[in-house]
Number of protein chains: 2
Amino acid sequence: MLDRKRVVIVGAGFGGMSAAKKLAGKDVDVILIDKRNHHLFQPLLYQVATADLSPAEIAWPIRSMFSKSPNVSVFMGEVTGIDLPNQRVLSGKHVLEYDYLVLATGAVTSYFGNDDWASVAPGLKNITEATNIRKSLLMAFERAENSQDEDQKRRLLNFIVVGGGPTGVEMAGAIAELAKKTLSDDFRRIDPRDARIILAEGGPRLLAAFPEDLSDYTQKSLESIGVEVRVGQAVTEISAQGAKIGDEFIPSANVIWGAGVQVPDLQDWTQKPADRGGRIKVEGDLSVPGHSHVFVIGDAAHVTWRDGLTVPGIAPAAKQQGKYVGQRILDLMNGRQTSPFKYSHAGNLATIGRHRAVMDLNGIKLRGWLAWWFWGLAHIYFLIGLRAPALVMVQWMWSYLFRKKGARLITGQDRENATAVVPPPQQDT
Amino acid sequence: MLDRKRVVIVGAGFGGMSAAKKLAGKDVDVILIDKRNHHLFQPLLYQVATADLSPAEIAWPIRSMFSKSPNVSVFMGEVTGIDLPNQRVLSGKHVLEYDYLVLATGAVTSYFGNDDWASVAPGLKNITEATNIRKSLLMAFERAENSQDEDQKRRLLNFIVVGGGPTGVEMAGAIAELAKKTLSDDFRRIDPRDARIILAEGGPRLLAAFPEDLSDYTQKSLESIGVEVRVGQAVTEISAQGAKIGDEFIPSANVIWGAGVQVPDLQDWTQKPADRGGRIKVEGDLSVPGHSHVFVIGDAAHVTWRDGLTVPGIAPAAKQQGKYVGQRILDLMNGRQTSPFKYSHAGNLATIGRHRAVMDLNGIKLRGWLAWWFWGLAHIYFLIGLRAPALVMVQWMWSYLFRKKGARLITGQDRENATAVVPPPQQDT
């Protein structure tokens, strides 16, 4: 029993979970390490940030997903280093020995060297960031309602989203729906519909990974629901006062960063070649050069694909890699051959507000409400096996039909206080 | 238009909401002030603390409940004082003038003079406290799993609930269900069923407001699901190390306080007679003595009832008072008489774990699973008119049937770290 091989998996995102599932019930000990206790369905995280969903609707306790797999144990802790020669993972003073190691540590928000932007332009990578953004969006309206200063009001009601990829497009669309629809009747001294939502993209078009006509459609759709789209205009300055987009400084208390990611730590830990984003350049079997028992998968891996591209950092890619590496480890243990990893690209999908989406499934293009429903069903399909897809569906339907955002909670302490004398509320009589 | 009377309501709990609803659509301006943006369905708060429900399932944006009532405006801010002679409410530098004032400020946790216990034995009065307790309960199991020190493990798996009222009974039952059922398969180095859950009550029996046979039943039911009930044993010491119950010091990292409440600020603000709990002694029409246009309702009010008792601090009482005061203000404005407030007591209800409850409806006593279903339906009934009772019901059914706790999330930063070498996981082969 004690000489069973041990696989340590670092990270319980899509890649790590998928590797662990492949090894569950097999004749091997698996330790799955994550600094959080939950697996996150990241593609819907923006809906937590915009108060459409509650955190628990897109996150599940990792342990509960392996309740029935006694060979998988979950270790909640932060990895602080790896000792490749001695085959050990370090987590503070904890030491975990491994026979096989899977590094599925994912990516974090990157500010392209402007690290001081982090405090004023939060990214959207985990539940805490999402609920902080939610709080800050909702508080902006509350502060504007209480404010007597027109400049301050303006600044509070300007929302800037940086980055025209799927995250930026989805955030901007959802903020527009929040301001122009959900909140429209709830205030008495401001009109939430006056909010400006600005989406800034330095490149020539939104959704660069999509065909050009879908980018055009996305821009027009966003504009029709009230988003100002600025393409070809780089953001060169961000502060608590606002952001400079192209040549114009726009005052704003709400800048959200969706522009870039990078992989932390791995190059340090492994001392192996990485690309500019910190992704480790892996072998055909996703192993680290020189260490056939150590693998890097998901957003953390630089995997060559086709036409000089690398495999994109999306959930389906990470899942395929996790499954592959699980099988690869079983093959290694049993002295079997494994073909190199081959990525199968299903396509790209992004939503625009509450009724429209764009998709490109290897040449099959779809847009509008039909794509939105396809997007919804695809996500519900992926949620199956996790938990309660029916619940999320009921929640969406409710939200869709009644525009009530139940998750519109502001909790914790407030940081800023406006000061003024409150006039009598305006009456629409 | 500008000489319409203005009613300021402080607090959007059951009392304040009920007063505001009574005045919605009437020929009067209403300003509803709360330091939070949401109304909380407090009777279910313990289920957030024990990961059965998400915050958004029991809390609703105050604004959205008055979207269609243009004469009601919501002011999010903390009241810092009241100027009775000049009829003004102060919130920082904001000043709100009133013609009628309703103080529905509620109660906060009281440690009976032991204020240093607050940091180690949190109470359960708002969403932030509930999610902090949830985090700390879940982290206790995580830390025990990672710990190599038997004493520390023991301390982490001892849960002490102070106070044998409905809050304490419900918390203790829910923690027992969490440890003995929900988490039972999820750990590999500890058995969550080894957790001790201790409920301490200084008085002679649990649920003092209920008939004695229901108290007995409650104690036996709690014991049958693994709670150690200690009645007649006062808690005389609480620290980060544990609590002294009667003569015994029990090491524990998880002490939860459900023993008492008090009303803050009101006596200071009004300079009027209050009882020991800080509740203002009001007139027959719930007005403050000497100020016929200023009312105190809900947990903050000392209202005489029958047999020398005061009206209890429960949701139905606050709602009745809010509605009464709304009507009283309309009557005052129109020069009409109003009969004194008369409390109608529907009864007492408390749940014990996941399958049993006790209720006493003015002499009609019920206990066991039938009472549990009655309790569930009664709460769903009260949730109607707020939001999505169907959602909460689906959530409960799901949880009831599958024992999956979806809200088992640990978010934010962790404060404490255990340190040890991790042994290979135990196998149940």
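These numbers come from a predicted model, not from an experiment.

(A) Representation of the sheet that holds strand 25 (residues 364-368) of chain A within the structure. Residue and element names in this part refer to chain A. Spatial ordering of the open sheet is given by 23-24-25, a layout of 3 strands whose pairing is antiparallel. Either end of the sheet is taken by a strand with one partner, and the two such strands are strand 23 (348-352) and strand 25. Taking each pair of neighbouring strands and ignoring which way they run, the sheet shows an average axis angle of 5°. On top of the sheet, helix 7 (residues 212-224) reaches strand 23, strand 24 (356-361) and strand 25; it is set at about 170° to strand 24, its chief contact.

(B) Molecular detail of the domain arrangement of chain A. All names here are of chain A. By the assigned domains, chain A splits into domain 1 (6-107 + 263-333) and domain 2 (115-259). Domain 1 puts 17 residues into the contact, and the matching count from domain 2 is 14 residues. Approximately 1300 Å² of surface area, both sides summed, lies buried where domain 1 meets domain 2, with 69% of it carried by carbon and sulfur atoms. When the buried area of domain 1 at its contact with domain 2 is split by residue, Tyr46, Ala49 and Thr50 rank highest and sum to 40% of it. At the boundary of domain 1 with domain 2, the tally comes to 0 salt bridges. One can count 1 residue pair in polar contact (both at pLDDT 80 or more) joining domain 1 with domain 2. Elements represented by at least two residues in the side of domain 1 that touches domain 2 include exactly strand 3 (38-40) and helix 2 (45-49).

(C) Molecular detail of the packing of helix 1 (residues 14-23) of chain B against helix 9 (residues 315-333) of chain B. Residues and elements named next belong to chain B. In contact at an axis separation of 7 Å, helix 1 and helix 9 are set at 35° when each is read in the N-to-C sense. Judged by the twist between their axes, the crossing of helix 1 over helix 9 is right-handed. Mapping the contact onto sequence places Phe14, Gly15, Ser18, Ala19, Lys22 and Leu23 in helix 1 and Ala315, Ala318, Lys319, Gly322, Lys323, Gly326, Gln327, Ile329 and Leu330 in helix 9.

(D) Expanded view of the environment of Asn71(A). Residues and elements named next belong to chain A. In this structure, Asn71 sits in the loop between helix 3 (62-65) and strand 5 (72-76). For Asn71, a relative accessible area of 4% corresponds to the buried category. For the pair formed by Asn71 and Tyr100, sequence separation is 29 residues and the distance between their alpha carbons is 15 Å. Only 2.9 Å separates the side chain of Asn71 from the backbone nitrogen of Gly25, close enough to count as a polar contact.

(E) Quick peek at the pairing of strand 17 (residues 254-257) of chain B. Residues and elements named next belong to chain B. Going residue by residue along strand 17, you find Asn254 and Ile256 tucked away on one face and Val255 and Trp257 tucked away on the opposite face as well. As judged from the 4 bridges shared by strand 11 (residues 158-162) and strand 17, these two strands associate in the parallel manner. By the bridge assignment for strand 17, Ile160 is matched with Val255.

(F) Spotlight on helix 6 (residues 166-182) of chain A. Taking 1.5 Å as the rise per residue, helix 6 of chain A with 17 residues should run 24 Å; its terminal C-alpha atoms sit 22 Å apart, in good agreement. Burial within helix 6 of chain A is extensive, with 13 of its 17 residues counted as buried.

(G) Seen up close, unusual backbone geometry. A positive phi angle, close to 50°, is found at Asn362(A), a residue other than glycine. Looking at where Asn362(A) falls in the secondary structure, it is placed in the loop between strand 24 and strand 25. The phi torsion at Phe112(B) lies on the positive side, around 50°, for a residue other than glycine. Note that Phe112(B) resides in the loop between strand 10 (108-109) and helix 4 (127-146).

(H) Expanded view of the pairing of strand 25 of chain A. Bridge analysis of strand 24 of chain A against strand 25 of chain A gives 5 bridges, and the strand direction is antiparallel. Counted as the bridge partner of Val358(A) is Arg367(A) from strand 25 of chain A.

(I) Representation of the packing of aromatic side chains in the model. Residue and element names in this part refer to chain A. Throughout the structure, instances matching the rule amount to 20 aromatic pairs over all chains. When the centroid spacing of 5.5 Å and the interplanar angle of 70° are considered together, the rings of Tyr324 and Phe341 count as edge-to-face. Separated by 17 residues along the polypeptide, Tyr324 in helix 9 (residues 315-333) and Phe341 in the loop between helix 9 and strand 23 bring together distant segments of the chain. Judged by its relative accessible area of 12%, Tyr324 is buried. A residue is classified by how much of its surface remains accessible, and Phe341, at 13% relative accessible area, is buried. An aromatic cluster is present here, built from Tyr111, Phe112, Trp117 and Trp257 joined pairwise through their rings.

(J) Inspection of the pattern of salt bridges at higher detail. Tallying each qualifying case throughout the model produces 38 salt bridges over all chains. Residue Lys35(B) is joined to Glu78(B) by a salt bridge in which the shortest nitrogen-to-oxygen separation is 3.8 Å. Placement of the pair is Lys35(B) in the loop between strand 2 (29-34) and strand 3 (38-40) and Glu78(B) in the loop between strand 5 (72-76) and strand 6 (81-83), with a sequence separation of 43 residues. For Asp331(B), the salt bridge goes to Arg336(B), with nearest N and O atoms at 3.0 Å. Taken together, the salt bridges that share partners define one network made up of Asp52(A), Glu177(A), Lys181(A) and Arg354(A).

Cut-offs applied
- Residues numbered from 1 in each chain as written.
- Chains lettered and ligands numbered in written order.
- Predicted model: local features only at pLDDT ≥ 70, side-chain atom pairs only at ≥ 80, totals over all residues.
- Heavy atoms only, no water.
- Pairing = 2+ DSSP bridges.
- Helix = DSSP H or I, 4+ residues; strand = E, 2+ residues; numbered from the N terminus.
- Axes fitted to C-alpha atoms, helices over the stretch in contact; angles between N-to-C directions.
- Contact = heavy atoms within 4.5 Å.
- Domains from an automatic or database assignment.
- Buried area = accessible area lost by both parts, 1.4 Å probe.
- Salt bridge = Lys/Arg side-chain N within 4 Å of Asp/Glu carboxyl O.
- Polar contact = N/O pair within 3.5 Å; in protein donor to acceptor, adjacent residues only side chain to side chain.
- Left-handed = near helix turned anticlockwise from the far one by under 90°.
- Buried < 20%, exposed > 50% of the residue type's maximum accessible area, 1.4 Å probe, protein only.
- Expected span 1.5 Å × (residues − 1).
- Phe/Tyr/Trp six-rings, centres within 6.5 Å; stacked < 30°, edge-to-face > 60°.

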